[in-house]
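Listed below are the residues making up each chain.
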Amino acid sequence: MAVLKVKFTKTKRDKLAQILWILNWVSVVSGIILFSLGLFLKIEIKKRSEVMAKGDINSVPNMLISVGVIACIINFLGGKICYDCSDANKFSRWKLVMLPYIVCTFCFTFCILVGALMCYTMRNELEESLYLGLRDAIKFYKDTDIPGRCFLKKTVDLLQIGFRCCGNNGFRDWFEIQWVSPRYLNMASKDVLDRLKSNVDGKFLVDGVPFSCCNPSSPRPCIQYQLTNNSAHYNYDFLTEELNIWMKGCREALLDYYTGIMRSIGVAALLIWLFELSVLIGVRYLQTAMKNVLLLGDLEGESDGWLLENSFVETAKYNISIIKNLGKANQISTVSGINDPNINVQNTDCDKTNITTKSIPAAR
């Protein structure tokens, strides 16, 4: 029994073909939108690649870009097919193409759904990439004279100012590394030498943060050094007073930023997927209705259209049986001790001379 069978007159078939022709061109625009969203996300990730570890974070934008390009090609072809389907004579040239086209389009719409879901599942990979990238960027913050690292100080400073964040997880991350370049340390100072000797690794560690962590909206001048020393500042208690530096870590700030972008892109991709699925359903109805018209032989009469010719269970069983039987016709048994009966068979007439048979004379 056919699934969701609908009866179409010639007028309904022509209107359906015209509407699908328009919708396919709208789908071309949606493909351009998918491509643009993927390109935008790729550029945004590229902007801050210095503070991201290498990984699979580009899989989502690459997926969206690929799907967008394929959408333009497939829907352009679909528009041509639907335009020709308004004429039964022109449909005959696409008769053998439409079913493979529908199958390919179905796989393509599934890829759109996968791309939309990937926008919501990318958070963990992005968080790990940001954690490792920011950790290394902060670690090499002081290396302003080393090629390949000299740009990291400016990158981290601009990042902390732009996203109003400090450190990787928070401002205390700066307490655990030497972020002051050795060229700016006064080795004649007893305080500097004592700090270097007090650390096992010989690093100059301070309870301070770079200037880019300062909050310019604070009414008090920025306290960026000796943050945990109450006696170093007038009327100051770091345990109770709200510090005038950014409290949020840059990993959290960037993660919130990219998560917001990906959620918006995911919603757009889901809407495009629903639209593409509705267009695909319409093309399937048009294909089955036009096919039945040709079978009936009455181009002006009514015809049935459906999504599936048989029920879901019967269709699934049929497709599974096709998959199971693939290649069985040419399969050779490899079981030990079993040989092909047609191999190494002796010909009993191999030692006999050829005997010419007399042909029966044809009747005249």
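Please read all numbers here as calculations on a predicted model, not as lab measurements.

About the criteria used
Residues numbered from 1 in each chain as written. Predicted model: local features only at pLDDT ≥ 70, side-chain atom pairs only at ≥ 80, totals over all residues. Heavy atoms only, no water. UniProt positions renumbered as here; feature names shortened; annotations may be inferred. Helix = DSSP H or I, 4+ residues; strand = E, 2+ residues; numbered from the N terminus. Core = buried A, V, L, I, M, F, W, Y, C linked by side-chain atoms within 4.5 Å. Buried < 20%, exposed > 50% of the residue type's maximum accessible area, 1.4 Å probe, protein only. Domains from an automatic or database assignment. Contact = heavy atoms within 4.5 Å. Polar contact = N/O pair within 3.5 Å; in protein donor to acceptor, adjacent residues only side chain to side chain. Axes fitted to C-alpha atoms, helices over the stretch in contact; angles between N-to-C directions. Left-handed = near helix turned anticlockwise from the far one by under 90°. Phe/Tyr/Trp six-rings, centres within 6.5 Å; stacked < 30°, edge-to-face > 60°. Lys NZ or Arg CZ within 6 Å of the ring centre and 35° of its normal. Parallel < 35°, antiparallel > 145°, perpendicular 65-115°, else oblique. Nonpolar A, V, L, I, M, F, W, Y, C, P; charged D, E, K, R; others polar.

1. Some words on the UniProt feature "transmembrane region" (unreviewed entry) in the protein chain
According to UniProt, the "transmembrane region" (unreviewed entry) feature falls on residues 20–40, 60–78, 98–120 and 265–286. The span residues 98–120 shows a helical share of 100% and a strand share of 0%, and its end C-alpha atoms are spaced 34 Å apart. As annotated, residues 265–286 has a helix share of 100% and a strand share of 0%, and its two end C-alpha atoms lie 31 Å apart.

2. A short note on the nonpolar core
Ranked by internal contacts, the top residues of the largest apolar core, which has 78 residues, are Trp 174 and Val 209. Taken together, the elements giving at least two residues each to this core come down to helix 1 (10–47), helix 2 (59–84), helix 3 (88–121), helix 4 (123–139), helix 5 (152–163), helix 6 (190–198) and helix 7 (250–296). By residue number, the principal contributor to this core is helix 7, which donates 18 residues. In terms of domain composition, this core takes at least three residues from each of domain 1 (2–137 + 252–312) and domain 2 (171–247). Beyond its immediate stretch of four places on either side in the chain, Trp 174 contacts Ile 138, Tyr 141, Val 156, Gln 160, Cys 166, Gly 167, Trp 179, Val 206, Gly 208, Val 209, Pro 210 and Cys 213.

3. Observations regarding the side chain of Arg 251
Tracing the backbone shows Arg 251 in helix 7. There is a polar contact of 2.3 Å between the side chain of Arg 251 and the side chain of Asn 169.

4. Points about the packing of helix 4 against helix 7
Helix 7 packs onto helix 4 with a crossing angle of 145° between their chain directions and a minimal axis gap of 10 Å. Helix 7 is crossed by helix 4, and the crossing has right-handed handedness. Between helix 4 and helix 7, the contacting residues are Arg 123, Leu 126, Glu 127, Leu 130, Tyr 131 and Leu 134 on the first element and Cys 250, Arg 251, Leu 254, Leu 255, Asp 256, Tyr 258, Thr 259 and Met 262 on the second.

5. Section: the packing of aromatic side chains
Tallied over the entire structure, the rule returns ten aromatic pairs. A ring pair is formed by Phe 8 and Tyr 285, whose centres lie 6.0 Å apart and whose planes are at 55°; its orientation type is tilted. Of this pair, Phe 8 sits in strand 1 (residues 6–8) while Tyr 285 sits in helix 7, and the two are 277 residues apart along the sequence. Accessibility assignment for this pair places Phe 8 and Tyr 285 in one class, buried. Chaining the aromatic ring pairs together yields one cluster made of Tyr 141, Trp 174, Trp 179 and Tyr 225. One cation-aromatic arrangement involves Arg 149 over Phe 140; the distance from NZ or CZ to the ring centre is 3.8 Å.

6. Quick word on the packing of helix 1 against helix 7
A pair of packed helices is captured by two measures, namely the crossing angle of their axes and the spacing between those axes. Here helix 1 crosses helix 7 at 155°, and the two axes come no closer than 9 Å. Between helix 1 and helix 7, the angle falls in the class roughly antiparallel. Two packed elements cross with a definite hand, and for helix 1 against helix 7 that hand is left-handed. Here the residues of the contact of helix 1 with helix 7 are counted per class, giving 27 nonpolar, four polar and three charged.

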